[in-house]
Amino acid sequence: MSSIEQEVAGYYDKLLQRNAGEPEFHQAVAEVLDSLKIVLGKDPHYADYGLIERLCEPERQIIFRVPWMDDNNQIRVNRGFRVQFNSALGPYKGGLRFHPSVNLGIIKFLGFEQIFKNSLTGLPIGGGKGGSDFDPKGRSEGEIMRFCQSFMTELWRHIGEYRDVPAGDIGVGGREIGFLFGQYRRLANQHESGVLTGKGLTWGGSLVRTEATGYGCVYFTEEMMKAKGESLDGANVIVSGSGNVAIYAIQKAQELGATVVGFSDSSGWVNTPNGVDVELLHDIKEVRRARVSDYAKEAEGATYHEDGSIWDLKADVALPCATQNELHGEHAKTLVSNGVKYVAEGANMPSTAEAIEVFRENKVSFGPGKAANAGGVATSALEMQQNASRDSWTFDYTDGRLHQIMSGIFNVTASTAEEYDRAGDYVVGANIAGFKKVADAMLAQGVV
């Protein structure tokens, strides 16, 4: 083991001890540190001034109680989080996730990934993330409103358009952002529209924000395919999930000539050999808030499956858009044997380390989440620009900016991988490109 590898391994061991019981955070850091061994071999000054140790330690971690009353007048108590990870490039930027699985380790993993993702966009935004173990599923609108108001009653003092700008994530859509913003406006006594993104179009929101993560993932996939002289036109695509990201990834892939042959939710998966009726899927998932089994009942040629895995389908492209660690090593082997040549992550860290290694060994073009799903935060930053200038852009103009940003992310990812003799390894390229921009800013600003 080289001295650099020993140094990185020693730091990682210390990180494990200081952050016990946070496996997702450990996984995210391990992936980045593996890439940084390559950087330190060529640019050893990045080991100076405790830079890597500072990068892996959040600037601020906020944990708070969220008491609220349900419809039966019973007091409920949840836990709220905001991890403000790194502000070297700009105000903290990252979503709020409301889901029973949320804990400090999950929020730290997401916030750590956000540092590099935001860096790759080329926009002046730092990395942060937040949320709560509150589950909005099955709750009435009144209960969700009361929870959001209680959550913001604590959070509002820690955020602001020049400090920290949250957005939505799993469990936090337009409805929740509306309740959160209303309470912020009430407490701050001002209409500070740049303090949250994902707002309604009539009060500071941006066109394309809803579609951005899904569209961006497909734009990144398109760039990977172009690099090999191929396109989505005529390709078969699998998309895991059926939430906001998945729906718009399906829509954009089919607009570009692909056939989406399957999608899923936590209850099972649907095979759609003739493609997906996006309007019906949107109605079932976003309006009716029903399950994918209901789609299979209404869509011609679609079949619902509780057993097996969506990754058993044959396709050219796979877009995991559901949640972290949903795609394991055995799934990856099945995808490879079934002919998949391109994988782009629409979710955050949906592929395990074993799955990524399978893709790497089999020359599958793999777009990691910090690059492939950066479209959401990029368009959030564009919403911030519109808020700052009191402007509103057209759908086509904003979509064009998004497409341009995603192409730029691919180009810097690909060129950085080549610079460090790892051509085609977009994990290494994204990690190093995202790291260097933040690291240079941190070194320039001193030990803070």
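Relevant structure appears above.
Conventions adopted
All chains use their own residue numbering, which begins from 1 and follows the written sequence. In keeping with the predicted nature of the model, local features appear solely for residues at pLDDT of at least 70, side-chain atom pairs appear and are counted solely at 80 or more, and the whole-chain, interface and lining totals rest on all residues. Values reported for side chains reflect all heavy atoms of the structure, with hydrogen atoms and water molecules removed beforehand. Every helix listed is a DSSP run of H or I at least four residues long, and every strand listed is a run of E at least two residues long, numbered separately from the N terminus. Only C-alpha atoms enter the radius of gyration, while the globule expectation follows 2.2 Å times N to the 0.38, with N the number of residues. Categorising residues by exposure relies on relative accessible area from a 1.4 Å probe, with only protein chains included: less than 20% of the type maximum marks a residue as buried, more than 50% marks it as exposed, and the intermediate range marks it as partly exposed. Residue contacts are defined here by distance: any two heavy atoms, one from each residue, within 4.5 Å place the two residues in contact. In these tables, accessible area is a Shrake-Rupley quantity obtained with a 1.4 Å probe, and a residue counts as shielded only by the protein chains included in the view. In summary, the charge assignment counts Lys and Arg as positive and Asp and Glu as negative, without counting His or the chain termini. Working definition for charges: the position is that of NZ of Lys, CZ of Arg, CG of Asp or CD of Glu. By this definition, two strands are paired if DSSP reports at least two bridges between them. To obtain an axis, a line is fitted to C-alpha atoms, over the contacting stretch when the element is a helix, and the angle between two such axes runs from 0 to 180 degrees between their N-to-C directions. Should an angle lie under 35 degrees it is considered roughly parallel, over 145 roughly antiparallel, and from 65 to 115 roughly perpendicular; all remaining angles are considered oblique. Handedness of a crossing is defined here by the sense of rotation of the near helix relative to the far one, left-handed for an anticlockwise turn of less than a right angle and right-handed for a clockwise turn. Amino acid classes used here: Ala, Val, Leu, Ile, Met, Phe, Trp, Tyr, Cys and Pro are nonpolar; Asp, Glu, Lys and Arg are charged; the rest, including Gly, are polar.

**Things to note about the overall build of the chain**
Thinking step 1. Secondary structure assignment for the chain yields 16 helices and 12 strands.
Thinking step 2. For 448 residues, the compact-globule estimate of 2.2 N^0.38 gives 22 Å, and the C-alpha radius of gyration of the chain, at 21 Å, lies within 12% of that figure.
Thinking step 3. Each principal axis of the C-alpha distribution contributes one length, and for the chain these read about 60 × 55 × 40 Å.
Thinking step 4. Looking at the chain as a whole, 58% of its 448 residues are labelled buried.
Thinking step 5. The contacts of the chain with a sequence gap of at least 6 include a subset with a gap of at least 24, amounting to 71%.
Thinking step 6. Per element, the accessible surface of the chain, about 17,900 Å² overall, is 47% carbon and sulfur.
Thinking step 7. For the chain, the distance from the average position of its 44 positive side-chain charges to the average position of its 58 negative side-chain charges is 5 Å.

**Things to note about the sheet that holds strand 1 (residues 60-69)**
Thinking step 1. Spatial strand order, 1-2-4-3-5: five strands in an open sheet with mixed pairing. Two strands bound the open sheet, and with one partner strand each, they are strand 1 and strand 5 (164-168). Strand after strand, the sheet turns through a mean of 20° between neighbouring axes, direction not considered.
Thinking step 2. Pairing of strand 2 (residues 75-86) with strand 4 (residues 126-132), which is carried by six bridges, proceeds in the antiparallel orientation. Bridge pairing in strand 4 places Q84 opposite G128.

**Some words on the packing of helix 11 (residues 329-337) against helix 12 (residues 353-361)**
Thinking step 1. One way to put it is that helix 11 packs onto helix 12 with a least axis distance of 7 Å and a crossing angle of 25°. In terms of orientation, helix 11 and helix 12 fall into the roughly parallel class. In this structure, helix 11 meets helix 12 at a crossing whose hand is right-handed. Across the interface between the two elements, G329, A332, K333, L335 and V336 from helix 11 touch E354, A355, V358 and F359 from helix 12.
Thinking step 2. A per-class count over the contact of helix 11 with helix 12 returns six nonpolar, one polar and two charged.

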